[in-house]
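An overview of the molecular structure
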Amino acid sequence: MQDAAKPAAADANQARKRGRWKLFAVLLVCAAPMILSYLTYYVIKPTGRTNYGALIDPRERPIPAMASTTLDGRPEKLEQYAGKWIMLKVGGGECLDACQKQLFAMRQWRLMQGKNMDRVERVWLVTDDKPLDTMTIRQYDGMHMLRAPQDTVTKWLPAEQGTQPSDHIYLIDPLGNLMMRFPADPDPRKVYKDIAKLLKASAVG
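Throughout what follows, the structure given in this document is the object of discussion. (Residues numbered from 1 in each chain as written. Predicted model: local features only at pLDDT ≥ 70, side-chain atom pairs only at ≥ 80, totals over all residues. Heavy atoms only, no water.)

Structural notes on the pattern of salt bridges
Counted only if it meets this: What makes a salt bridge here is a side-chain nitrogen of Lys or Arg within 4 Å of a carboxyl oxygen of Asp or Glu, nothing more. To sort residues, take the accessible area from a 1.4 Å probe on protein chains only and compare it with the maximum for the residue type: under 20% means buried, over 50% means exposed, and anything in between is partly exposed.
A full pass over the atoms with the stated rule returns seven salt bridges. When the shortest N-O distance is used, the salt bridge between R59 and D57 registers 2.3 Å. Its relative accessible area of 51% is what places R59 among the exposed residues. Under the relative-accessibility criterion, D57 is labelled buried at 13%.

In structure tokens, the structure reads:
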């Protein structure tokens, strides 16, 4: 009886092994698109890519926990805008020429998206307690203006060498991933094209 049981046990073990390999093969097939996408985006980085903005690995720059509020003091977080593409600007409340230029450009880039403009939100993280000019608030109606801790924002956002986060406009995808940084004093047409291509290619947001 014992001798007869040994082949049966061996067959059962072989069947279990074959089952595991089949399951592994199915999982590999299902995961292949994600793996290829990851390799293409972060490892291979093909030279044919035409993006103007600098890509950011979102795994290294998750949105940090920060006590952000609206201008009137109500708690509000970047995560509340999930589901939309977010153009992000940061900087102090004293909005001089460079700041005004950024705000104007963000408004125009959104308007230029035409039927896709409602898929894009604009956010300004104000990193100090200085009051904002009333005319600026009215001129850029529709932009979310949140006060956020400067240290947290500065540590989170990567800047080009010789610049600071307030010199750049950033892009957050609808899943809440910080994924692109545009150059300081960017070419407006190239930024528009980057955003348009992302909106066209994306099935979310």
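That covers the picture; the talk isn't over yet.
Comments concerning the pairing of strand 3 (residues 85–91)
Condition: Only runs of H or I of at least four residues qualify as helices and only runs of E of at least two qualify as strands under DSSP, and these elements are numbered from the N terminus. Strand pairing is assigned whenever DSSP detects at least two bridges linking the two strands. A crossover counts as right-handed when, viewed with the strands pointing away from the observer, the path leading from the first strand over the helix to the second turns clockwise.
Across the seven residues that make up strand 3, a large majority, seven, are buried. The alternating pattern of strand 3 places W85, M87, K89 and G91 on one face and I86, L88 and V90 on the opposite face, and all of these are buried. In this structure, strand 3 lies alongside strand 4 (residues 120–126), joined through seven bridges in parallel fashion. Considered in strand 4, the bridge of W85 is made with V120. Between the parallel elements strand 3 and strand 4, the chain passes through helix 2 (residues 97–111) in a crossover that is right-handed. Direction of pairing for strand 3 relative to strand 6 (residues 170–172): antiparallel, over a ladder of three bridges.

Considerations on the packing of aromatic side chains
The description of an aromatic ring pair rests on the distance of the ring centres and on the angle between the ring planes. Spelled out, the test is: Whether two aromatic rings pair depends on their centres lying within 6.5 Å, for rings of Phe, Tyr and Trp, where Trp uses its six-membered ring; planes under 30 degrees apart make the pair stacked, over 60 edge-to-face, and the rest tilted.
Here the structure, examined in full by the defined rule, presents one aromatic pair. Judged by centre distance (6.4 Å) and plane angle (45 degrees), the ring pair of W109 and F182 falls under tilted. Linking W109 in helix 2 with F182 in the loop between strand 7 (178–181) and helix 5 (188–201), this pair joins segments that are 73 residues apart in sequence. Of the two residues, W109 and F182, both sit in the buried class.

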